[in-house]
Amino acid sequence: MVALAHKADDEAGLGLAVRNVSHAFELHGQTLPVLDNVSFSVEPGEFVALLGPSGCGKSTLLRLVAGLEPPCGGSLLADGRPIDGPHPSRVVVFQDPTLYPWRTVWDNVALGLEAQGLLKQNRARVDEALALVGLSGFAKAYPHQLSGGMAQRAALARALVNDPRLLVLDEPLGKLDSLTRIAMQGEIVRLWQSAGFTALLVTHDVEEALLMATRVIVFSERPARITAEIPIDRPYPRHRDDPVLVDLRHKVLDLLGMGSSW
Amino acid sequence: MAAIEGAAGEEAGALPKEAPSLRPVIGGLSAAAAWFAVAALTSAWPDAEEWERTGELASLLAVVGGGLALASLLRRAQRAWPWMLALALGVAAWEVATAKLNLLPRPFFAPPQGLLEVYLDDWPRLAECVLHSAWLLISGYLLGSAAGFITGVAVGWSRAVGYWVNPVLRLIGPLPATAWLPLAFFAFPSSASASTFLVALAAFFPVTILTLSGVAGVNSAFYDIARTLGANKRFLVLKVAIPATMPHVFVGLFMGLGGSFAVLVVAEMLGVKAGLGWYIQWAQGWAAYGNMYAALLVMALLCSGLVALLFRIRDHLLAWQKGLLRW
Ligand SMILES: Nc1ncnc2c1ncn2[C@@H]1O[C@H](COP(=O)(O)OP(=O)(O)OP(=O)(O)O)[C@@H](O)[C@H]1O
Ligand SMILES: [Mg+2]
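Cut-offs applied
- Residues numbered from 1 in each chain as written.
- Chains lettered and ligands numbered in written order.
- Predicted model: local features only at pLDDT ≥ 70, side-chain atom pairs only at ≥ 80, totals over all residues.
- Heavy atoms only, no water.
- Helix = DSSP H or I, 4+ residues; strand = E, 2+ residues; numbered from the N terminus.
- Rg over C-alpha atoms; globule rule 2.2 N^0.38 Å.
- Buried < 20%, exposed > 50% of the residue type's maximum accessible area, 1.4 Å probe, protein only.
- Contact = heavy atoms within 4.5 Å.
- Areas by Shrake-Rupley, 256 points an atom, 1.4 Å probe, with all protein chains shown as cover.
- Lys, Arg positive; Asp, Glu negative; His and termini not counted.
- Charge placed at Lys NZ, Arg CZ, Asp CG, Glu CD.
- Donors = N, O, S within 2.8 Å, 3.2 Å for Na, K, Ca; no water.
- Pairing = 2+ DSSP bridges.
- Axes fitted to C-alpha atoms, helices over the stretch in contact; angles between N-to-C directions.
- Expected span 1.5 Å × (residues − 1).
- Bend = angle between axes of the 7 residues up to and from the residue.
- Near = heavy atom within 4 Å.
- Polar contact = N/O pair within 3.5 Å; in protein donor to acceptor, adjacent residues only side chain to side chain.
- Buried area = accessible area lost by both parts, 1.4 Å probe.
- Salt bridge = Lys/Arg side-chain N within 4 Å of Asp/Glu carboxyl O.
- Core = buried A, V, L, I, M, F, W, Y, C linked by side-chain atoms within 4.5 Å.
- Domains from an automatic or database assignment.
- pLDDT = per-residue confidence, 0-100.
- Parallel < 35°, antiparallel > 145°, perpendicular 65-115°, else oblique.
- Left-handed = near helix turned anticlockwise from the far one by under 90°.
- Nonpolar A, V, L, I, M, F, W, Y, C, P; charged D, E, K, R; others polar.
- Right-handed = clockwise from strand over helix to strand, strands pointing away.

## Overview of the overall build of chain A
Inference 1: Across its full length, chain A holds 8 helices and 10 strands.
Inference 2: Here chain A has a C-alpha radius of gyration of 18 Å; the compact-globule value for 262 residues is 18 Å, and the two agree.
Inference 3: Here chain A holds 262 residues, and the buried ones make up 54% of them.
Inference 4: Of all intrachain contacts in chain A linking residues separated by at least 6 positions in sequence, the fraction that spans at least 24 positions is 68%.
Inference 5: Surface summary for chain A: the accessible area is close to 11,300 Å², and the carbon and sulfur share equals 52%.
Inference 6: Between the averaged position of the 25 positive side-chain charges in chain A and that of its 30 negative side-chain charges there is a distance of 4 Å.

## Structural notes on the coordination of the magnesium ion (ligand 2)
All names here are of chain A.
Inference 1: At 1.9 to 2.3 Å from the magnesium ion (ligand 2) lie its protein donor atoms, namely Ser59 (OG) and Gln95 (OE1). Of this pair, serine 59 sits in helix α1 (residues 58–66) while glutamine 95 sits in the loop between β6 (90–93) and α2 (105–109), and the two are 36 residues apart along the sequence.
Inference 2: Of the residues examined, serine 59 reaches a relative accessible area of 26% and is grouped as partly exposed.
Inference 3: The class of glutamine 95 is partly exposed, set by a relative accessible area of 38%.

## Topic: the sheet that holds β6 of chain A
All names here are of chain A.
Inference 1: As summarised here, the arrangement of the 6 strands in space is β6-β7-β8-β3-β9-β10, forming an open sheet in which the pairing is mixed. In this open sheet, the two strands that pair with only one neighbour each are β6 and β10 (226–231). Taken over all neighbouring pairs, the strand axes of this sheet differ in orientation by 15° on average, direction set aside.
Inference 2: Relative to strand β7 (residues 166–170), β6 runs parallel, the two being bridged by 4 bridges.

## Focus on helix α11 (residues 233–272) of chain B
All names here are of chain B.
Inference 1: Here α11 contains 40 residues, and its C-alpha end-to-end distance of 45 Å is more than 12% below the 58 Å for a straight helix at 1.5 Å per residue.
Inference 2: Along α11, the largest kink reaches about 50° and is centred on methionine 246; proline proline 247 follows within four residues of it.
Inference 3: A positive phi of about 60° marks lysine 273, the residue just after α11.

## Quick notes on the site of ligand 1
Residue and element names in this part refer to chain A.
Inference 1: Taken together, 14 residues lie near ligand 1, and Ser54, Gly55, Lys58, Ser59 and Thr60 sit nearest.
Inference 2: Side-chain polar atom of serine 54 to an oxygen atom of ligand 1: 2.6 Å apart, as the coordinates give it.
Inference 3: Side-chain polar atom of threonine 60 to an oxygen atom of ligand 1: 2.6 Å apart, as the coordinates give it.
Inference 4: Listed by contribution, the elements that provide at least two residues to the shell around ligand 1 are β1 (16–27), β2 (30–42) and α1.

## Some details on the interface of chain A and chain B
Inference 1: Of the residues lining the interface, 27 residues belong to chain A; the matching set on chain B comes to 20 residues.
Inference 2: Carbon and sulfur atoms make up 69% of the area that chain A and chain B hide from each other, which totals about 2,000 Å².
Inference 3: Of all residues in chain A, the largest losses of buried area upon contact with chain B belong to Tyr100, Trp102 and His144 of chain A, amounting jointly to 32% of the total for that side.
Inference 4: The salt bridge involving aspartate 224 of chain B is made with arginine 63 of chain A; its shortest N-O contact spans 2.8 Å.
Inference 5: One can count 4 residue pairs in polar contact (both at pLDDT 80 or more) joining chain A with chain B.
Inference 6: Mapped onto the side of chain A that touches chain B, the elements with two or more residues apiece are α1, β6 and α3 (111–115) of chain A.
Inference 7: When residues of the side of chain A that touches chain B are assigned to their parent elements, the largest contribution, 4 residues, is made by α3 of chain A.

## Focus: the nonpolar core
Inference 1: Membership of the largest hydrophobic core comes to 161 residues, with the highest contact counts inside it found for Phe40, Leu50, Val126, Leu200, Val216 and Phe219 of chain A.
Inference 2: If one sorts the elements of this core by residue count, α11 of chain B sits on top with 18 residues.
Inference 3: Formed by 15 residues, the second largest nonpolar core is a distinct cluster that contains Ala32, Ala34, Leu68 and Ala77 of chain B.

## Here's the deal with the domain arrangement of chain A
Residues and elements named next belong to chain A.
Inference 1: Its domain assignment divides chain A into domain 1 (13–89 + 164–261) and domain 2 (101–163).
Inference 2: Look at where the C-alpha atoms of domain 1 and domain 2 centre, and you get two points 24 Å apart.
Inference 3: Of the residues lining the interface, 16 residues belong to domain 1; the matching set on domain 2 comes to 12 residues.
Inference 4: Interface of domain 1 and domain 2: buried area, both sides summed, is about 1,100 Å²; carbon and sulfur atoms make up 72% of it.

## A few points about the confidence of the model for chain A
Inference 1: For chain A, mean pLDDT is 88; residues scoring 70 or higher make up 94% of the total.
Inference 2: Mean pLDDT across the elements of chain A bottoms out in helix α8 (residues 243–255) of chain A (87) and peaks in α2 of chain A (96).

## Details of the packing of helix α10 (residues 220–228) of chain B against α11 of chain B
All names here are of chain B.
Inference 1: Look at α10 against α11: their axes get within 11 Å of each other, and the N-to-C directions meet at 155°. If you check the angle between α10 and α11, you find them roughly antiparallel. As for how α10 packs across α11, the hand of that crossing is right-handed. Two secondary-structure elements touch here, α10 through Phe222, Tyr223, Ala226 and Arg227 and α11 through Leu236, Val240, Ala241 and Ala244.
Inference 2: Taken together, the residues of the contact of α10 with α11 sort by class into 7 nonpolar, no polar and 1 charged.

## Some remarks on the pairing of β7 of chain A
All names here are of chain A.
Inference 1: When you tally the buried positions in β7, you get 5 out of 5 residues, the bulk of the element.
Inference 2: Taking every second residue as pointing to the same face, both faces of β7 are buried, with Leu166, Val168 and Asp170 on one and Leu167 and Leu169 on the other.
Inference 3: Where β7 meets strand β8 (residues 198–202), 5 bridges bridge the pair, whose relative direction is parallel. Note on β8: the bridge partner recorded for leucine 167 is alanine 199.
Inference 4: The β-α-β motif built from β7, the intervening helix α6 (residues 178–195) and the parallel element β8 has right-handed crossover chirality.

## Let's talk about the environment of arginine 63 of chain A
Inference 1: Within the fold, arginine 63 of chain A resides in helix α1.
Inference 2: Through-space distance from the C-alpha of arginine 63 of chain A to that of aspartate 127 of chain A is 28 Å; in sequence the pair is 64 residues apart.
Inference 3: Here arginine 63 of chain A is in contact with Leu68, Glu69 and Phe94 of chain A together with Asp224 of chain B, once residues within four sequence places are set aside.

## Focus: the pattern of salt bridges
Inference 1: All told, the structure shown has 21 salt bridges over all chains when counted by the stated rule.
Inference 2: Between arginine 234 of chain A and aspartate 242 of chain A there is a salt bridge whose closest N-O contact spans 2.9 Å.
Inference 3: We classify aspartate 242 of chain A as buried; its relative accessible area is 13%.
Inference 4: Through salt bridges that share partners, Arg63 and Glu69 of chain A together with Asp224 and Arg227 of chain B make up one connected network.

## Details of the confidence of the model for chain B
Residues and elements named next belong to chain B.
Inference 1: Mean pLDDT for chain B: 88, with 93% of residues reaching 70 or above.
Inference 2: Scored below 50 in pLDDT, residues 1–13 makes 11 contacts in the model with residues more than four places away or belonging to other chains.
Inference 3: With pTM at 0.84, the complex prediction returns an ipTM value of 0.89.

What follows is the structure, encoded as structure tokens:
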């Protein structure tokens, strides 16, 4: 695991700035506003969790951060430079694992290194990444031979192997059973601590956000606006029954309009 | 064909292991016995009219029976024996209805020994025709498929190429390649190049259409993932678009192969004066129906052999689809 983290500290994390970003889609000839003047910044090495109701625009925001689409309004900066396209320093783990069905798990994980022409020198990194997510035994399997959770772990390995400076995670653990989920949460946090990358995590699990992130940003219903930013100044490893976190959880659920049901 | 065999083979493999059943051996031996019986019938029952190769036919049938008996004892005929049994009965019925009883009108229906006579006496000419047809078919088909694949990828990928090429494809694509026949034979310097062009054309359109629709239909998330991981355009085309399209390409290749067969025969009959198509027409002109059947049988073997080969290649290249589809 630690072997995957070899970046020198000064260049490890990427600083992200989101400035007055608005975005809208065309849907049946009508404009569907999705992001409404969203501004926040993420310091290098920070771990920020984004929480919000389903369909509010979280995945859309991550696509903008990845550089897959330009925003309709506002700007996004990576280390102070405008984001004008995808770059392998900003790697996304999408909500859907979307492994390539014609590639084995190993070849799927190797995708980024291969695309950048770095595979020859770094074959061992692929094995390390697979071991990290517990898929060493499935290197030669095809994606349709994996379970949903295994596919998600493979997608995580495919991102980690590139040594990203900003790791963007869109509900990466959504399909995992609760035990694997807890293990992977701990694994990602340890990796983040040792590698020093910046992490941006979308999740619908409040507890997960509180256990992993240094700051939680809460979004409103679509079109997404930021309703709260909550720093979580607790040491790692965190425990779910930590009274501070329990308090915070009630607060966040209140913000999401779920206070009464807890 | 190969696909069906594969599926059935897997089912058999999935059954719990039992002591190997004796049924296939007994079945195989009874099929072999049937072949011996047909051999005996052929040689013992005198022909209604004189046929030169009746003795050779009987020996050949006996050899088939012997080979089949050996194969079933070695457990190599586990699945083939019902077919072999049916074939023996079919050959017997054919032999009796033609050579023995002369039930079918004579020049139009040849007995098995009539075909054997053609193969034994006229094989140099048949072999030359097979080589000629195979060369024309394979060279034309490969040229046409390669051009179709490249065109399909270019049109599916690039809007600019698509703008210019799509209308042309739409106008000319549905035209059967045989409609070009008269034009091709005077536009090309030789009839060989004209027929290569026609065979290539028959393969070109289905491969192009299927490839371009496949490329246009690739899941955009596949591109997103590769782009965020640092892929350039070349990588997106070669390592994402093309592999994702291969299942479609193979559908086009199969369709194109069928089209190529049709054009090949017509071209050989009308213009080339060589190859199996020409042989069939020549035989028919001389009322040599035995020769015609012999050539038809060879052509069937050639075509089904090529289809089986293409299946093999597909099964190899698209092995990842196994388990994803009903293979
Ligand atoms: N390509 C698109 N075209 C049109 N509308 C889109 C497109 N992509 C997303 N949307 C719309 O944008 C809104 C936000 O989508 P998004 O995927 O960002 O939500 P989300 O916050 O990630 O939700 P979830 O938590 O359920 O994943 C949705 O209403 C969706 O219908
Ligand atoms: Mg989403």
